[in-house]
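Coordinate inspection notes
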Amino acid sequence: MYRDYILDHYKNPRNSGELPGATHTYHDSNPLCGDELTMQLRISDGHVDDVRFSGKGCAISQASASILTEEVKGKSLDEVKRIDREHVLANLGIPISPARIKCALLGLKALKGAAWGLTAWPGEEVKAK
Amino acid sequence: MYRDYILDHYKNPRNSGELPGATHTYHDSNPLCGDELTMQLRISDGHVDDVRFSGKGCAISQASASILTEEVKGKSLDEVKRIDREHVLANLGIPISPARIKCALLGLKALKGAAWGLTAWPGEEVKAK
Amino acid sequence: MAVTVRAPASTLDVARIRADFPVLAQTVRGKPLVYLDNAATSQKPRQVIEAMSRVFEEHNANIHRGVYEFSERTTAAFEEARSKVARLVNAPSEREVIFVRNATEGVNLVAYAWGRDNLKRGDRIVTTVLEHHSDFVPWQQLAAEVGAEIAVVDIDGEGRLRRDQMSAELRKGAKLLALTHTSNGLGTVNPVREIAAEAHAAGATVVIDAAQAVPHTPVDVQDLQADFLVFSGHKMLAPPGSGVVWGRAALLEKMRPFLYGGDMISRVSVAMTEWNELPWKFEAGTSSYVDAIGLGAAVDYLWAVGIEKIHEHELALVGYLLPRLSEIPGVTVYGPRTLDDRVGVVSFNIEGIHPHDVATIFDREGVCVRAGHHCNQPLMTRLGVPATTRASFYLYNTTEECDALTRAVHAAKKVFGV
Amino acid sequence: MAVTVRAPASTLDVARIRADFPVLAQTVRGKPLVYLDNAATSQKPRQVIEAMSRVFEEHNANIHRGVYEFSERTTAAFEEARSKVARLVNAPSEREVIFVRNATEGVNLVAYAWGRDNLKRGDRIVTTVLEHHSDFVPWQQLAAEVGAEIAVVDIDGEGRLRRDQMSAELRKGAKLLALTHTSNGLGTVNPVREIAAEAHAAGATVVIDAAQAVPHTPVDVQDLQADFLVFSGHKMLAPPGSGVVWGRAALLEKMRPFLYGGDMISRVSVAMTEWNELPWKFEAGTSSYVDAIGLGAAVDYLWAVGIEKIHEHELALVGYLLPRLSEIPGVTVYGPRTLDDRVGVVSFNIEGIHPHDVATIFDREGVCVRAGHHCNQPLMTRLGVPATTRASFYLYNTTEECDALTRAVHAAKKVFGV
Ligand SMILES: Cc1ncc(COP(=O)(O)O)c(C=O)c1O
Ligand SMILES: Cc1ncc(COP(=O)(O)O)c(C=O)c1O
């Protein structure tokens, strides 16, 4: 599961940090692992002008997010909305065990949240106290 | 379990009915079976002058109560208070299966309740609604 | 009381089925076991017993939180059981299937987590005299707590629900309908779909007790238009400890949780807590995951046999037993006298013999039946009896066992000279 | 971090014990299984697996209500399991032992049935940052419902409870103390007896979460002076589905029931209900009687081995592992650095590797450990980490398995180049 490719993205994340002038931002987390992830997009003319992510967590979640940012740059918003789980898992190029699927897909979830302009994931509104 | 002796007491209960001038009365029941049993004692000079029971239910509970009434007549109140489960089960002269123990001892329970002058069995006060 | 009914034919290969149930080869006091207490609990096929042992022997680990293979395998088996249950009752989504201990806990879950927030002083709860204590006492107590009223719909002389009375009660307005799909005391099947429609029209939420339905007949929560439906695995070949609440996602999402603790949370801080998603929001602490996996195996078994066929088989047995039992002098049979809308439950009494004495004598003949109030005291009061003797069938029972039962009735009459 | 501890000697015949656990002979990805997730759930010996199958194969029937031999045999086995549990924790009476699904349901039972009637606005609940979510969230939610306050006592740098703070909080007055006997996150054992005495002096009722205590050390409810004590069978060789609440009879008798339905009643009419006697007043519906019988067999097994010896064995393993693990560069161990007042739980992190990645790599080596927050989010927040990796021992673990763990740490470091 920990091929050099993954470890490289984990240790040297691409497009990491704060995005100045971001038009779309979404934060998500996986409380089970303590993974945290924020995706930011700057959209102009319906296309991804720039993208950044920031977060902390396991190698799988951070590498998966890093790989995703490389892919979406320049894509249209519609194309971004169409990226699916299978595609992201295939991108990682390694078998992901069931317990780690959520880690692998956290970046995609945050990306979709940003692309659709969500403020909370449907059905996951905070239902506290 | 259904020896003639038991069936005879069931069909021809001894000391059955209402006891005029009863000094001690106790009613108990076994909701699981729907057995109901009232024991009445007339005590004078600390001795059982007369005893009656009334009730309805299974052969075991009714026969056991009937046999018990025959036994206690003339006994002192102290002697009645000392009658124990083992004695009653031995009196029946047949093996009683675990599920029927409560039936076999209902008469004793009502008798003790009467002898001790209880209004409710300790720990079984009605805890309703 | 003479009863004649046209018995349908059974298409089950009962000999083959019986070979799957190790307990049925047992004897009681030297006589073959005749197990006719299936409404209390069913026996288990080796497929279920082995599915459970296999977890312990091959990959046991706590579910949901383990990042290692055994935990993943056990979690997969547990969630697969949930999918099977969802398909069994045609739930729109697995998210709506909550594992609990038994039907009783299921009703309590709804009473605590939905009822306390949705019922208030003066609201009306409509229910029936056929309810098992588990679908009656939780509502009675909740009504007392919040100040709601309870209307209890009666039955007719054959133990069928008074439909006119039910409609009238619902027309008066109701916030909740608590209705048993199938009576465990008499075997009556209620017209749930029709009544649920009337209840919805009256603005009521509909809770169905399907503890005696799911094991014996096809049940489709969407077709019934239920809002909540509960049942117990142990009455359908699965182990005790495997019960189910199905509920509409829209309701479950709005509800507060019931039990609080591990696994049902998403995030906990000293100040506040966020809940997990459905269905786990309602599954606090370590689930009875091996029991649930046993239920999954039981569903597989029932499917392979065919639930519709099981129902026909049981009706065939009722059709065989009912006339034979009814013709014995002194025997009174309670409940439906025909095979319409009923399951394989036959309740009766023998004049002059208390049901407990009947059951004790039956036991000596190897015949296991239930004697008592069957957790149906309001129904017993309605019938005017302290208790009944009840025989209840399942897929492995035979007409020979019906004969053993009638022989046992004669034996009891002989002992008591009635 | 260098740690040296004097390891006591183990007197267990571990090879013989391991032969009783079929799952331990399994391999994972071709490597021998090294099961170090016992704080999550334990493995089961064949004695327990067979005790359960035996019920299904030999005399399965629903308990308590059947007037026939199978029901009587199953009831006897179930109630015998209760007696065993009562003796295990030295309960004054079996009437005080209530079977529930797990420790979580146990805490909720107390919160609903005792808490709702005894806590009111402004009352104080004292608890600790060591609590498992199951002994924290129920109180947090109850406090919010009734308007009570919660005080959360902190730990020191070694993960031991701040006794001074605990005393101070209790002196301010408390209606309830909710205290874990043993921390599942760090292995700390709390001085329960002393704290319970202070709590009683302050007028508080004492609820002890003994989920990590009863499986690993002798627990005596009378000696501890607890009012309620909960634990889970699945962490002590028994199946999931077998949990226990012990409570003082005087309190249980005054409490309202928790779940309503069959078996917990004595008499039901449309207008009112009378409750059954203890303990059945708190056991509604069909109990998980086979799981409970499995717990009885587990208690037999633990007794035969000796719980004090199991405790010593686990401490010997901690004494072996702790120095070896601590000397690996980049490894941080959380919790007590000595063997005093602790059990066989070792929580740690490797710098530069997230615990989930650690656990995934361990899994490839056949080593099963837990990675995450261990249902201890307030504790994780306190430690300033999102998660830890946790190894936890039981009677069948060996020093060779400790070596496998340290080898796996080195493997993980190599993969991540740290
Ligand atoms: C200290 C402690 N309390 C409570 C629990 C909850 O146990 P269960 O999930 O069996 O209810 C656990 C189990 O992880 C525990 O370790
Ligand atoms: C109609 C009905 N409802 C509810 C129950 C309660 O089931 P359990 O004891 O499994 O909770 C039963 C079982 O007797 C039943 O027959």
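Residues numbered from 1 in each chain as written. Chains lettered and ligands numbered in written order. Predicted model: local features only at pLDDT ≥ 70, side-chain atom pairs only at ≥ 80, totals over all residues. Heavy atoms only, no water.

In this section: the overall build of chain C. Scanning chain C from terminus to terminus reveals 14 helices and 17 strands. Expressed as lengths along the three principal axes of its C-alpha atoms, the size of chain C is roughly 70 × 55 × 35 Å. Looking at the 418 residues of chain C, the share that counts as buried comes to 71%. Long-range pairs, those at least 24 residues apart, make up 72% of the contacts in chain C with a sequence separation of at least 6. About 12,300 Å² of surface is accessible on chain C, with carbon and sulfur atoms providing 49% of the total. Computed over 43 positive and 50 negative side-chain charges, the inter-centroid distance for chain C is 3 Å. (Helix = DSSP H or I, 4+ residues; strand = E, 2+ residues; numbered from the N terminus. Buried < 20%, exposed > 50% of the residue type's maximum accessible area, 1.4 Å probe, protein only. Contact = heavy atoms within 4.5 Å. Areas by Shrake-Rupley, 256 points an atom, 1.4 Å probe, with all protein chains shown as cover. Lys, Arg positive; Asp, Glu negative; His and termini not counted. Charge placed at Lys NZ, Arg CZ, Asp CG, Glu CD.)

This paragraph deals with the environment of Glu 401 of chain D. Residues and elements named next belong to chain D. With respect to the element layout, Glu 401 can be found in helix α14 (residues 399-416). Note on Glu 401: relative accessible area 6%, which makes it buried. For Glu 401 and Val 34, which are 367 residues apart along the polypeptide, the C-alpha to C-alpha distance reads 6.1 Å.

Moving on: the relation of the copies chain D and chain C. With an RMSD of 0.0 Å, chain D superimposes on chain C once it is rotated by 180° and translated 0.0 Å along the axis. Both copies are brought into coincidence by an operation consistent with a two-fold rotation axis. Minimal C-alpha separation from the rotation axis in chain D is found for Gly 241 of chain D, amounting to 3.2 Å. Most of the interface of chain D is mirrored in chain C, where 100% of its interface residues again form contacts. (Least-squares fit on C-alpha atoms with pLDDT ≥ 70 in both.)

Moving on, we get to the nonpolar core. In this structure, Leu 229 and Leu 395 of chain C together with Leu 229 and Leu 395 of chain D are the most contacted members of the largest nonpolar core, which totals 166 residues. Core analysis: the second largest hydrophobic core is formed by 80 residues, Val 107, Leu 142 and Val 146 of chain C together with Ile 265 of chain D among them. (Core = buried A, V, L, I, M, F, W, Y, C linked by side-chain atoms within 4.5 Å.)

A side chain of one charge can pair with a side chain of the opposite charge if their charged atoms are brought near each other. Using the criterion set out here, one finds 80 salt bridges over all chains in the structure. Across the pair Asp 357 of chain C and Arg 100 of chain B runs a salt bridge, and its minimum N-O distance is 3.0 Å. Taken as a pair, Asp 357 of chain C in helix α12 (residues 355-364) and Arg 100 of chain B in the loop between α4 (85-92) and α5 (101-115) lie in two separate chains rather than in one. When sorted by exposure, Asp 357 of chain C lands in the same class as Arg 100 of chain B, which is buried. Between Glu 401 of chain C and Arg 18 of chain C there is a salt bridge; the shortest N-O distance is 3.2 Å. Placement of the pair is Glu 401 of chain C in helix α14 (residues 399-416) and Arg 18 of chain C in helix α1 (residues 14-19), with a sequence separation of 383 residues. (Salt bridge = Lys/Arg side-chain N within 4 Å of Asp/Glu carboxyl O.)

The environment of ligand 2 is formed by 16 residues, the closest being Thr 104, Asp 209, Ser 232, His 234 and Lys 235 of chain C. Positioned at a junction of chains, ligand 2 has nearby residues supplied by chains C and D. Interatomic distance of 2.6 Å between a side-chain N/O atom of Gln 212 of chain C and an oxygen atom of ligand 2. At 2.7 Å from an oxygen atom of ligand 2 is found a side-chain nitrogen or oxygen belonging to Thr 286 of chain D. Look at ligand 2: alone it shows 390 Å² of surface, and the protein chains cover 97% of it. Of the residues assigned to the shell around ligand 2, the class counts are two nonpolar, twelve polar and two charged. (Near = heavy atom within 4 Å. Polar contact = N/O pair within 3.5 Å; in protein donor to acceptor, adjacent residues only side chain to side chain. Nonpolar A, V, L, I, M, F, W, Y, C, P; charged D, E, K, R; others polar.)

Quick look at the interface of chain D and chain C now. You'll often see interface size given as the accessible area lost when the parts meet. Every contact between the two is made by 89 residues of chain D and, on the other side, 89 residues of chain C. Carbon and sulfur atoms supply 56% of the area buried between chain D and chain C, which totals about 7,100 Å² over both sides. Looking at the side of chain D facing chain C, the largest losses of area belong to Phe 56, Tyr 68 and Arg 101 of chain D, adding up to 10% of the total buried there. Across the contact surface, chain D and chain C share eight salt bridges. Arg 116 of chain C is paired through a salt bridge with Glu 145 of chain D; the nearest N and O atoms lie 3.0 Å apart. The interface formed by chain D and chain C holds 38 residue pairs in polar contact (both at pLDDT 80 or more) in total. (Buried area = accessible area lost by both parts, 1.4 Å probe.)

Once that is clear, we can look at the packing of aromatic side chains. Evaluation of the coordinates by the stated rule reveals 24 aromatic pairs over all chains. For the pair Tyr 260 of chain C and Trp 275 of chain C, a centre-to-centre distance of 5.5 Å together with 50° between the ring planes defines the contact as tilted. Placement of Tyr 260 of chain C in the loop between α9 (249-254) and β11 (265-268) and of Trp 275 of chain C in strand β12 (residues 273-275) is noted, with a sequence separation of 15 residues between them. With respect to class, Tyr 260 of chain C is no different from Trp 275 of chain C; both count as buried. An aromatic cluster is defined as three or more aromatic residues linked by ring pairs; in this entry it consists of Phe 21, Tyr 301, Tyr 394 and Tyr 396 of chain C. When the ring centre of Trp 116 of chain A is taken as reference, the NZ or CZ atom of Lys 81 of chain A above it lies at 4.3 Å. Across from the ring centre of Tyr 320 of chain C, 3.6 Å away, lies the NZ or CZ of Arg 324 of chain C, which sits over that ring. (Phe/Tyr/Trp six-rings, centres within 6.5 Å; stacked < 30°, edge-to-face > 60°. Lys NZ or Arg CZ within 6 Å of the ring centre and 35° of its normal.)

Another point: the environment of Pro 20 of chain B. All names here are of chain B. As for its placement among the helices and strands, Pro 20 is situated in the loop between α1 (4-11) and β1 (24-30). C-alpha of Pro 20 to C-alpha of Arg 52: the two residues are 32 residues apart in sequence and 9.3 Å apart in space. Excluding residues that lie within four positions of it along the chain, Pro 20 makes contacts with Arg 42 and Arg 52.

Listed by partner, the interface residues are 14 residues for chain C and 14 residues for chain A. In terms of surface lost to chain A, no three residues of chain C exceed Glu 72, Arg 267 and Trp 275 of chain C, which account for 36% of the buried area on that side. In this structure, Arg 267 of chain C and Glu 36 of chain A form a salt bridge, with 4.0 Å as the shortest nitrogen-oxygen distance. For the pair chain C and chain A, the interface holds three residue pairs in polar contact (both at pLDDT 80 or more). Looking at the side of chain C that touches chain A, the elements with two or more residues in it are β11 and β12 of chain C. Broken down by element, the residue count for the side of chain C that touches chain A peaks at three residues, all from β12 of chain C.

Right, let's get into the sheet that holds strand β10 (residues 243-247) of chain C. Residues and elements named next belong to chain C. Strand order in the open sheet made by the seven strands is β4-β10-β9-β8-β7-β5-β6, with mixed pairing throughout. Each having just a single partner strand, β4 (97-100) and β6 (149-153) make up the two edges of the open sheet. Averaged over neighbouring strand pairs, the angle between their axes works out to 20° when direction is ignored. (Pairing = 2+ DSSP bridges. Axes fitted to C-alpha atoms, helices over the stretch in contact; angles between N-to-C directions.)

All names here are of chain A. Between helix α4 (residues 85-92) and helix α5 (residues 101-115), the shortest axis-to-axis distance is 10 Å and the interhelical angle comes to 110°. In terms of orientation, α4 lies roughly perpendicular with respect to α5. Contacts from Arg 85, Val 88, Leu 89 and Leu 92 in α4 reach Ile 101, Ala 104, Leu 105 and Leu 108 in α5. When its residues are assigned to classes, the contact of α4 with α5 shows seven nonpolar, no polar and one charged. (Parallel < 35°, antiparallel > 145°, perpendicular 65-115°, else oblique.)

Our focus in this paragraph is the site of ligand 1. Residue and element names in this part refer to chain D. Around ligand 1, the surrounding shell holds 15 residues, and the nearest of these are Thr 104, Asp 209, Ser 232, His 234 and Lys 235. Between ligand 1 and the protein, one listed contact pairs an oxygen atom with a side-chain N or O atom of His 234 at 2.6 Å. At 2.6 Å from an oxygen atom of ligand 1 is found a side-chain nitrogen or oxygen belonging to Lys 235. Considering ligand 1 on its own, with 400 Å² of exposed area, one finds that the protein chains cover 96% of that surface. Tallied by class, residues from the shell around ligand 1 come to two nonpolar, eleven polar and two charged.

This paragraph deals with the sheet that holds strand β3 (residues 47-56) of chain B. Within a sheet, neighbouring strands are paired by backbone hydrogen bonds and run either parallel or antiparallel to one another. All names here are of chain B. Read across the sheet, three strands follow the order β1-β2-β3 without closing on themselves; strand pairing throughout is antiparallel. Each edge of the open sheet is held by one strand with a lone partner, namely β1 and β3. Between one strand axis and the next, the sheet turns by 15° as a mean value, whatever way the strands run. Packed on one face of the sheet, helix α2 (residues 59-72) meets β2 (35-44) and β3 and runs near 170° to β3. Relative to the sheet, α5 contacts β1 and β2, its axis offset from that of β1 by approximately 155°.

The share of residues in chain C with pLDDT of 70 or more is 98%, and the mean pLDDT across the chain is 96. This complex was scored by the predictor with a pTM of 0.96 and an ipTM of 0.95. (pLDDT = per-residue confidence, 0-100.)

Across the five pairs of chains that are in contact, the largest number of contacts falls between chains C and D. The closest approach of any C-alpha atom in chain A to one in chain B is 30 Å; the two make no contact.

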